[in-house]
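# Residue-level structural notes
Below are the chains, spelled out letter by letter.
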Amino acid sequence: MKTDIHTDIVVAGGGAAGIAAAIAAARQSLNVLLIERNAYPGGKATAAEVGTVCGLYKFNKKNNAQYLVKGFAKEFAEHLQKKSGTKPLFNADGLHYLPYNIEDFKSVSLEYLHKNKVTVYFDTEIKSVQTHQQKINTVTVIKNGQQLNINFQSIIDCTGAGIIGQAAHLPTIESYTYQAAAQVFSITGIEETNEARLGLIITKAVSAAIANKILPAFYDRVYIVPGSLKNNGASFKVGIPIAVTNTPENLQELKKAAHSFVSNLTTFLIANVDVFKNASIKNIASEVGTRTGQRNVGKYILTEEDVLTCRKFDDGIALAAWPIEEWGQDRRVNMRYLPQDDYYHVPAACLQSAGIGNLFFAGRNISATDAAIASARVMGICLQTGYAAGFLAAAVVKNISLADAVVQIQTSQL
């Protein structure tokens, strides 16, 4: 049985970018329908339990975090910070970030969606799209075993993998390798209260085990999620030593390897490290943290040079200062920093499909090279590109020129 549904705007993907896009469009007094494959909002922020919002603050070595972002991104971050009872942290390199509670991220997201009267389809799978005269006008989904045809005037792809563009057979930006994936998990019963000291204890124990061939070399890819140590528990992130291809089979392989890694590592820590002697696994994030995916070609492709030279665009719609953060299959991350207290613009043209007039992108699948998306993929930037994409999609519905819409976005976000 098929059922036809009509709305003004469809947002595909309920992560940080999708939530921001839906709110921006709804605030333009339009009917918005958000499609999310999980049973809850947040995307990788909640399903992969990322644990920190990066990209909100200026890049400098001051002790106090200073907001770089404005508008909805700042509004959302402040609400999340208050709900989670956290405060920004920083490292010696000058990076500032906001820890958050996973359930609070879900709660804040639901509050925004409900308050702004966004219709949300959870547990919903996108199957196909229909195009006509260089526009996508229908998306077919499966919800509760029922096939639904959703008709709309404008659509925003915030899936992180360019699913709408793939369904429309649009050209993609080719990636020869994807960044390494990670798995987040939490342990309870830890008898240590200092996060830095706990990190050193783990590093020393694991390094010795690797040197003595008790653990394989890749077991050194373990990190504490910053700000997570409290009430005798903490969250950890482990790098998975399997190449990412983003196929369904590969995602299952990554998940299987990740769970084996977590189990073996925790068993070792409990048996060999005093502060873990009474510890146990509390939770393993339901999704593996894949950092990048397929991206569609927009009217402009953001480049590595744009990021590193802090390029400012006439149609800039987001402020970004996070470094190019590239995780390979070896343990160490490659960080390439911007000048302190400077930033680059993400241009609106990166959010607009090159071939489909009513298709916009936001979040991890904006039009950007591998190096550029390694900076622009973090949540503080995704919140901005999401809100901008929602505003641009609304402009199409309301017959407002995109140039005028960009000016209005800049007024609130730059």
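Provided above is the structure to which this section pertains.
Read on for a plain summary of the structure. (Residues numbered from 1 in each chain as written. Predicted model: local features only at pLDDT ≥ 70, side-chain atom pairs only at ≥ 80, totals over all residues. Heavy atoms only, no water.)

For the rest of this paragraph, the subject is the packing of helix 1 (residues 16–26) against helix 10 (residues 379–397). Two quantities define a packed helix pair, namely the angle between the helix axes and the distance between the axes. Viewed as axis vectors pointing N to C, helix 1 and helix 10 meet at an angle of 35°, and their least axial separation amounts to 7 Å. Of the two possible hands of crossing, helix 1 and helix 10 adopt the one that is right-handed. Residue-level inspection shows Ala 16, Ala 17, Ala 20, Ala 21, Ile 23, Ala 24 and Ala 25 of helix 1 in contact with helix 10, the latter providing Met 379, Cys 382, Leu 383, Gly 386, Tyr 387, Gly 390, Phe 391 and Ala 394. Of the residues in the contact of helix 1 with helix 10, the class split is 13 nonpolar, two polar and no charged. (Axes fitted to C-alpha atoms, helices over the stretch in contact; angles between N-to-C directions. Helix = DSSP H or I, 4+ residues; strand = E, 2+ residues; numbered from the N terminus. Left-handed = near helix turned anticlockwise from the far one by under 90°. Contact = heavy atoms within 4.5 Å. Nonpolar A, V, L, I, M, F, W, Y, C, P; charged D, E, K, R; others polar.)

If you trace the five strands from one edge of the open sheet to the other, you get 7-3-2-11-22, paired in parallel fashion. Strands with a single pairing partner mark the edges of an open sheet, and in this sheet they are strand 7 (119–121) and strand 22 (359–361). Each strand of the sheet is rotated relative to its neighbour by a mean of 20°, with strand direction disregarded. Bridge analysis of strand 2 (residues 9–12) against strand 11 (residues 154–157) gives four bridges, and the strand direction is parallel. Looking across to strand 11, one finds that Val 10 is bridged to Ile 155. (Pairing = 2+ DSSP bridges.)

Let's shift gears to the layout of surface pockets. To find the voids left in a structure, one rolls a probe of water-molecule size over its atoms. As a volume, the second largest pocket reaches approximately 630 Å³. Taken together, 26 residues form the lining of the second largest pocket, with Tyr 100, Asn 101, Ser 228, Lys 230 and Ser 235 sitting closest to its centre. (1 Å grid on protein atoms, 1.4 Å probe; cavity = no way out; pocket = protein on both sides within 12 Å on 5 of 7 lines; lining within 4 Å. Points joined across faces, edges and corners; volume = space filled by probe spheres on them.)

This paragraph deals with the side chain of Lys 106. Its location among the elements puts Lys 106 in helix 4 (residues 102–115). Residue Lys 106 is classed as buried on the basis of its relative accessible area of 16%. Excluding residues that lie within four positions of it along the chain, Lys 106 makes contacts with Tyr 40, Pro 41 and Thr 46. (Buried < 20%, exposed > 50% of the residue type's maximum accessible area, 1.4 Å probe, protein only.)

What characterises a pair of aromatic rings is the spacing of the ring centres plus the angle enclosed by the ring planes. This model, assessed by the stated rule, comprises 15 aromatic pairs. Their ring planes at 65° and their centres at 5.4 Å tell us that Tyr 300 and Phe 313 sit as a pair that is edge-to-face. With Tyr 300 in the loop between strand 17 (295–296) and helix 8 (304–308) and Phe 313 in the loop between helix 8 and strand 18 (316–320), this residue pair connects regions lying 13 residues apart in the sequence. The exposure class assigned to Tyr 300 is partly exposed, which follows from its relative accessible area of 25%. Residue classification places Phe 313 among the buried positions, given a relative accessible area of 10%. Through pairs of rings, three or more aromatic residues link up here, namely Phe 72, Phe 76, Tyr 100, Phe 105, Tyr 112 and Tyr 387. Over the face of the ring belonging to Tyr 40 we find Lys 106, whose NZ or CZ atom lies 4.0 Å from the ring centre. One Lys or Arg, Lys 312, reaches over the ring of Tyr 343 and ends 4.7 Å from the middle of that ring. (Phe/Tyr/Trp six-rings, centres within 6.5 Å; stacked < 30°, edge-to-face > 60°. Lys NZ or Arg CZ within 6 Å of the ring centre and 35° of its normal.)

Now for the nonpolar core. Note that soluble globular proteins tend to have their nonpolar side chains buried in a common cluster. With 83 residues, the main nonpolar core has Ile 9, Val 11, Phe 76, Ile 156, Leu 302, Ile 317 and Tyr 344 as its most contacted residues. Among the elements that take part in this core, helix 10 stands out by supplying 13 residues, more than any other. What Ile 156 contacts, discounting residues up to four positions off in sequence, is Ile 9, Val 10, Val 11, Ala 12, Ala 21, Phe 360, Ala 389, Gly 390 and Ala 393. Membership of the second largest hydrophobic core comes to 25 residues, among which are Ile 187, Ile 190, Leu 229 and Leu 269. (Core = buried A, V, L, I, M, F, W, Y, C linked by side-chain atoms within 4.5 Å.)

Here we come to the packing of helix 3 (residues 71–84) against helix 4. It is the contact of helix 3 with helix 4, at a shortest axis distance of 9 Å, that shows an interaxial angle of 130°. Of the possible angle classes, the one that applies to helix 3 and helix 4 is oblique. Of the two elements, helix 3 crosses helix 4, and the hand of that crossing is right-handed. Of helix 4, the residues touching helix 3 (which contributes Phe 72, Glu 75, Phe 76, His 79, Leu 80, Lys 83 and Ser 84) are Asp 104, Phe 105, Ser 107, Val 108, Ser 109, Glu 111 and Tyr 112. (Parallel < 35°, antiparallel > 145°, perpendicular 65-115°, else oblique.)

As a further point, take the sheet that holds strand 6 (residues 96–99). As summarised here, the arrangement of the three strands in space is 4-6-5, forming an open sheet in which the pairing is antiparallel. For this open sheet the edge positions go to strand 4 (52–54) and strand 5 (89–90), each flanked by a neighbour on one side alone.

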